[in-house]
Amino acid sequence: FFFSSFSFRRYPNMNAPTYDGEPPPGYIPGRGRGATGFTTRSDVGSAVDTNKDGEEGQFKDDREDDEADKIYAAIDERLAGRHKKRRIEREEKEGAQAGAEGKISDQFKDLKQKLSAVSEAEWAALPDVGDRSLKFKQKRQQEVFTPLVDTMLADAAKRIGGGETTTTVAGDASEVGGDLTSIVGGLASARNKVISMTLSSISDNVGGQTVVDPKGYMTQLNTQKISSAAEIGDIKKARLLLKSVRDTNPKHGPGWIASARVEEFAKEAVKARAVIRQGCEACPGSEDVWLEAVRLSGSSDLGKSICAEGIEKIPNSVKLYLKAADLEVGPKQKKVVLRKAIEAIPNSVKLWKSAIELENQEDARVMLSRAVECVPQSVEMWLALARLETYANARKVLNSARKALPSEVLIWITASRLEEGQNNNDMVDKIIAKSVKALGEGEAAIVKREQWLKEAESCEEGGGVVTARAIVKYAIGLGVEDADRLRTWGGDADSSIASGKVEVARAIYLHMLEAFKTKKSLWLKAVELEKKFGTKETLEERLKGGVGACPKAEVLWLMYAKEKWVGGDVDGAREVLTEAFEKNPNSEAVWLAGAKLELENGETDRARVLLERAREKVNGPKVWMKSALLERECGKADSAIKLLEEGVKRFPKFEKFYMMGGQILAQKGVEGVSNARKWFQKGLVASENKSVVLWILAARLEEGAGGAGSSKARSLLELGRLKNRANEELWLESIRLERRCDNEGASGNLMAQGLQECTNSGLLWAEVIYNAPRVEQKGKSMQAIKNCNDDPHVVIAVAGLFMSERKYEKARKWFLRATILKPEFGDAWVRWYKFEKELAGGGGENGDRCKEILAKCALAEPKYGELWTAVSKDMNHFRKSVQEKLKICASQG
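As a convention, each chain's residues are numbered from 1 in the sequence order in which they are written. Two thresholds apply to this predicted model, a pLDDT of at least 70 for residue-level local features and 80 or more for giving and counting side-chain atom pairs, whereas whole-chain, interface and lining totals are computed over all residues. Based on all heavy atoms of the structure, the side-chain values leave hydrogens and waters out of the count.

### Structural notes on the overall build of the chain
Helix and strand assignments follow DSSP, with helices taken as H or I runs no shorter than four residues and strands as E runs no shorter than two, numbered in order from the N terminus. Looking only at helices and strands, the chain features 49 helices and two strands. Whether a residue is buried, partly exposed or exposed follows from its accessible area with a 1.4 Å probe, protein chains only, as a fraction of its type maximum: under 20%, in between, or over 50%, in that order. Sorting the 893 residues of the chain into buried and exposed places 34% on the buried side. Partitioning the intrachain contacts of the chain with sequence separation of at least 6 by distance along the chain shows that 50% fall at a separation of at least 24. Accessible surface for the chain amounts to roughly 56,400 Å². Of this, 53% is attributable to carbon and sulfur atoms. Contacts are assigned to residue pairs that have any heavy atoms within 4.5 Å of one another. Under the convention used here, a 1.4 Å probe and the Shrake-Rupley method define accessible areas, while residue burial counts only the protein chains that appear.

### As for the side chain of Ser-781
With respect to the secondary-structure elements, Ser-781 resides in helix 43 (residues 777–787). Note on Ser-781: relative accessible area 3%, which makes it buried.

### A word on the packing of helix 24 (residues 449–461) against helix 27 (residues 502–515)
The convention used is that axes are lines fitted to C-alpha atoms, helices contributing only their stretch in contact, and that angles between N-to-C directions extend from 0 to 180 degrees. Two numbers describe how helix 24 lies on helix 27: the axes approach to 8 Å, and their chain directions differ by 130°. The angle between helix 24 and helix 27 places the two elements in the oblique class. When helix 24 is examined against helix 27, the residues Ala-456, Glu-457 and Glu-460 are found in contact with a partner set consisting of Val-502, Glu-503 and Val-504. Put simply, Ala, Val, Leu, Ile, Met, Phe, Trp, Tyr, Cys and Pro go in the nonpolar bin, Asp, Glu, Lys and Arg in the charged bin, and everything else, Gly too, in the polar bin. Among the residues making up the contact of helix 24 with helix 27, the classes are represented as three nonpolar, no polar and three charged. In these notes the angle categories are as follows: under 35 degrees is roughly parallel, over 145 is roughly antiparallel, 65 to 115 is roughly perpendicular, and the rest is oblique.

### Observations concerning the side chain of Glu-530
On the secondary structure map, Glu-530 appears in helix 28 (residues 520–533). When neighbours within four sequence positions are excluded, Glu-530 is seen to be in contact with Arg-506, Thr-535, Thr-538, Leu-539 and Arg-542.

### Some words on the state of the cysteines
Here, disulfide denotes a covalent bond that connects the sulfur atoms of two cysteines. Disulfides are defined as cysteine sulfur pairs within 2.5 Å. Per the stated rule, a full pass over the model turns up zero disulfides. For Cys-280, which is in no disulfide, the shortest distance to another cysteine sulfur is to Cys-283 and amounts to 8.6 Å. Classification of Cys-280 by relative accessible area gives buried; the value is 3%.

### A word on the nonpolar core
Among the nonpolar cores identified, the biggest contains 116 residues, and Leu-351, Met-381, Trp-452, Ile-471, Val-472, Ile-508 and Leu-556 are the most heavily contacted of them. Non-local contacts of Met-381, meaning those with residues more than four positions away in its chain, are made with Val-349, Trp-352, Lys-353, Ile-356, Leu-368, Ala-371, Val-372 and Val-375. One finds Ala-766, Ile-769, Ala-784 and Ala-797 within the second-largest nonpolar core, a separate group that totals 43 residues. Among the buried residues, those of types Ala, Val, Leu, Ile, Met, Phe, Trp, Tyr and Cys that are joined through side-chain atoms within 4.5 Å form a nonpolar core.

### Let's talk about the confidence of the model for the chain
Overall, the prediction assigns the chain a mean pLDDT of 81, with 79% of residues at 70 or greater. pLDDT is a per-residue confidence score from the predictor, ranging from 0 to 100. Below a pLDDT of 50 lies the segment residues 201–215, which in the model reaches nine contacts outside its immediate sequence neighbourhood of four places, other chains included.

### Structural notes on the pattern of salt bridges
Put simply, a salt bridge is a Lys or Arg side-chain nitrogen that is within 4 Å of an Asp or Glu carboxyl oxygen. Applying the stated criterion across every chain, the model contains 46 salt bridges. Note that Lys-778 is salt-bridged to Glu-805, the shortest N-O span being 3.9 Å. With Lys-778 in helix 43 and Glu-805 in the loop between helix 44 (792–804) and helix 45 (808–821), the pair connects residues that are 27 residues apart, well separated along the chain. We note a salt bridge from Glu-805 to Lys-807, for which the minimum N-O separation is 3.5 Å. Taking relative accessible area as the criterion, Lys-807 reaches 33% and is therefore assigned partly exposed. A network of salt bridges, in which partner residues are shared, links Arg-469, Glu-503, Arg-506, Glu-530 and Arg-542.

### What about the packing of helix 44 against helix 45?
The interhelical angle for the contact between helix 44 and helix 45, taken along N-to-C directions, is 165°, at an axis separation of 8 Å. What the angle tells us is that helix 44 and helix 45 run roughly antiparallel. Classified by chirality, the crossing of helix 45 by helix 44 is left-handed. Along its contact with helix 44, which presents Pro-792, Val-795, Ile-796, Val-798, Ala-799, Gly-800, Phe-802 and Met-803, the element helix 45 presents Tyr-808, Lys-810, Ala-811, Trp-814, Phe-815, Arg-817, Ala-818 and Leu-821. Each crossing gets its hand from how the near helix is turned against the far one by less than a right angle, where anticlockwise is left-handed and clockwise is right-handed.

### Let's talk about a negative patch on the surface
A surface patch of like charges, here negative, comprises Glu-64, Asp-65, Asp-66, Glu-67 and Asp-69. Along the chain, Asp-66 turns up in helix 2 (residues 47–82). The patches reported here contain residues having more than 30% relative accessible area and no salt bridge. Joining distances are 9 Å for like charges and 5 Å for nonpolar side chains (Val, Leu, Ile, Met, Phe, Trp, Tyr). The positive count covers Lys and Arg only, the negative count covers Asp and Glu only, and His and the chain ends enter neither. Where a charge sits is defined by one atom per residue type, namely NZ (Lys), CZ (Arg), CG (Asp) or CD (Glu).

### Quick look at helix 27
Counting along an α-helix, one turn takes 3.6 residues, and residues three or four places apart therefore face a common direction. To estimate the expected span of a helix, count its residues, drop one, and scale the result by 1.5 Å. Taking 1.5 Å as the rise per residue, helix 27 with 14 residues should run 20 Å; its terminal C-alpha atoms sit 20 Å apart, in good agreement. Among the 14 residues of helix 27, ten are classified as buried, and the element is accordingly described as predominantly covered. Turning to helix 27, the residues buried within the fold contact helix 24, helix 25 (465–475), helix 26 (485–498), helix 28 and helix 29 (536–549).

### Regarding the packing of aromatic side chains
Note on aromatic pairs: the rings of Phe, Tyr and Trp (six-membered ring only in Trp) are paired at centre separations within 6.5 Å, and the planes decide the class, stacked below 30 degrees, edge-to-face beyond 60, tilted for the rest. Evaluated as defined, the whole model comprises eight aromatic pairs. Ring centres of Phe-815 and Phe-835 lie 5.4 Å apart, and the angle between their planes is 40°; on these two criteria the pair is classed as tilted. With Phe-815 in helix 45 and Phe-835 in helix 46 (residues 826–839), this pair connects stretches of sequence that are 20 residues apart. For the pair Phe-815 and Phe-835, a shared accessibility class is recorded, and that class is buried. The ring centre of Trp-731 lies 4.5 Å from the NZ or CZ of Arg-721, which sits over that ring. In this arrangement the basic side chain of Arg-817 is found over the ring face of Trp-814, its NZ or CZ atom lying 5.1 Å from the centre. Should the NZ of a Lys or the CZ of an Arg lie within 6 Å of a ring centre and within 35 degrees of the ring normal, that charge is described as sitting over the ring.

Given below as C-alpha cells:
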C-alpha cells in the first residue's frame, strides 16, 4: 500500500510515427533536458501574462514535491517502526551499564578538577606524547647520533672551560672535585675501577693467581643461551601440555622424562631433578625413568644411590646394573657390581659379555665356561670359549655347541676353520659336507644357497681359503636346475670377482670345469682369471688342464706355448707346439706359432722349414704371407715376390699379398714404382675397389713419385671416396694430402665435407682439434666429445689440449681413459708415455710412471694405430719387443 499513491508516467511509444505539423501549445523545444536557450520579447509576449504563467507553474511544482516528501516520510517511518522495540531495549541496556560503570569522561572528572591547581612550570615539565608515525621513524633513522667516549667529552670541556678536572676514586667512595665536566670525565675511571674490583674479588689472595679457568670460562660463555620470547612461550606451553599428560596418566614414564628434559632445556636443573624424582615415585617399575634420574643427578655418588634404589624396585633390570657399573671408577668396583648383577640375572648375555671383557684370558675362559651353561643359546659365548681353549678342548666345546644349537651355521664353519688351522683338510670337507646336508638340503632348508656363498666369501676374507672352497664345492649346486647351471654359476663367479673374492671365484670355476670339461669358453675364462690374479704355476696348471680337456682348442695350445716361451722355457714351448701339431695337424695357427717361436729365437732356417711344411699341409693365405715376410726380413726381395706371386695365384682375393708386393717393389727405383703401381691396381680390381688400405698406398705411391704425382694422388683418393662412401680414413688422407700441398682452403673444405658425411668420426674430429687455432681448440673439443665421446682418438686429442694448458692431472686421467677404452690402440700408449717422459715430470724413462706404462703396454699388446703401425711394421723394428717399440714411437712421434 506504500506504492498505491505513486503515479507512473507512461513513456511514449518510440516506434510511433512522427508528425511534421504544428507543435502543441506551450511546447518549448529542449526544456525537458534543461536547454531553454534564450528568449526575446516577441517570444514571451506581454510581461503581465508571463509572470502569471510563471507563478502558476512554480506553485504546481512545489505541490508535487510536497506530495513526494510525504510519501518518502511515510516509508521511513514505517521502516523505523520495524526495529523500534529492539532498539529501545538495547539503548536501555547500554544506559544501565553506563550508569553502573560511569562514562569515561566521568571517570576522569576528579583529575580534571585538580588541573586547576597545576602551575605553569609543572605544565611545561609534562613530557610530550611524541610522533610514532612512519614519517617520524624514517626521520629518526636518518638522525642517528653516535655517542662520544668520555675522554673526548672531558677534553672538550677543558677547552671550553679552560680549567682542569680532578677525579679520585678510592675504596667504595669517590671524591670528585671540579665542576660538571669532572663528573663526566670520571665515568670512565669509575667503570674501570668497578671492573678491577670485580676481578680482584675472584683472585687467589695467597698466590696472586686467578682461579678462573680460561678454557672453562670461554666454554661457559659459549654454552650460555639467551632464550627468545618465542622459545620461552614454547617452554610454557610444553610445561602445561606435559603437566596435563602427567595428571592424566601418572604411571606413564615417557611423560615424566619429557617434563624433566623440558626443564633441562630451560636451564632449570633443580626443577628437572625434582620432576624426575616425582616420576621415579610415580613409576617405580620404569627403567627409563630411573636411568633419566641417574643422568640428571649430576654426580656419580648420587647416581649410584639412585641406581641402587632403582635396582631395589626393579631387581631384574640389566640396564640399571650396567649403568651402576659404568658409574664405578676402578675395574675392581666394576667387577663387583657386574658379578652381583650376574648372580641376580644369570641369563643375561649383556651382563656376561660386560663382565668377561674386564677379565684376563684365564679368568675369561673360566667365566665363559660358566656362561655357556647359563646362556647356552648365545653363539658368541660358545665361539669365544672355543677361541680361548686348546685344539682338543675347542673341538669338545664346538661339539657341545652344535648339540645345543644344531641349526647355527657359524658353529659348523668355526669347527671347519679349526680343522683348517691344523691342516686337516679332509676333516674340513667332511664337516662342510655334513653341515650342508643338515642345514641346506630340501625345501625347508635353514641356510639358502646365497647365504652359503656369502659365508664362503667371509671365510676367504678371514683367511679360511680351504673352508671357502669346501663351501663352494658342496653348496654351489643347491636349488639350481641342470639347464640353469652354466648361467647361474657364471653369474656367481662374476659377482665374486667384482667383490674381490678371487678364491671363491676360482673355486666356482673349478666346479664348473668339472661339470663342463669340454667347454672351451669356460677354460678361457678360468685362464683369464689366473692371468689377472693367479701365479705362474696356477696359470700353467689351468692351461695344461685346458689343452688336456680340449685338445682341438688351438687358442689354448697357443697360450700354453706362449706362457712357456715368455717364462724363458723355449724347449718347453717347443714341446707344447709339437704336441699341438699331433693333435691339430692341419691347424694354420699352430704352424705359424711354431715358425714365429723359431724366428723369435733366431732360428731362421728352422722357421723356413716349418713354413715350407705348413705350405704343403695347410696351404693357407697367411702361411704364404708369413713365408714372404720371412724372406723379405732376410733381405731376399726376389724370393718374397715369387712367393707372393704364387700366393696370388692360389688366393687372388687376399689383399695383403698386393700390399706387400707393392711395398717391396716401390723400393726398387722408377721401374719398381711402375711395377708397384700395377700390383696396387691388380689388388683394387681383385678387391672390387673395396680395399681402403690399397687406395691409400696407391695415392702415397703417386705422391712420392714427384711431378704431377699430387694430382694423381688427389684423383685416386677422390675415386676411392666415391667407391667407399663415408670412409673416415680416405677423407683423412685427402685432407692431409691438401695440407702437405699447402692448400689450406681445400683441406678445410674437405674437412667440412668429411664431417658432414662422417659425423661421428673420432679420427676426423681429432684432426680438427690438432689443427684448430689455439683459441678454438676448446670449442672444437666440446663438439667432438658431444659427437663421439668414447672414441680413443678424441680422448687423446683432449688430453693433449689439457697438456698444452699445463693441466697435467686432467691430461693424465684422459690418457688413462683412452687406454682403458681400447687397450690395443697403440697411439694412446705412445702419447701417454711421451707425456709422462717429457712434460709431466715423470722422471724420464726411469720414472715410476713411465715404468708402469711400459708394463701395462706390454700386457695390452697394441696392434693398431697410426704411430704404432709405422714402427711395428717397419722391417728395422720387426723383431723388437713391445716396450722397445713404444720407446721408439715416443721418440719419433
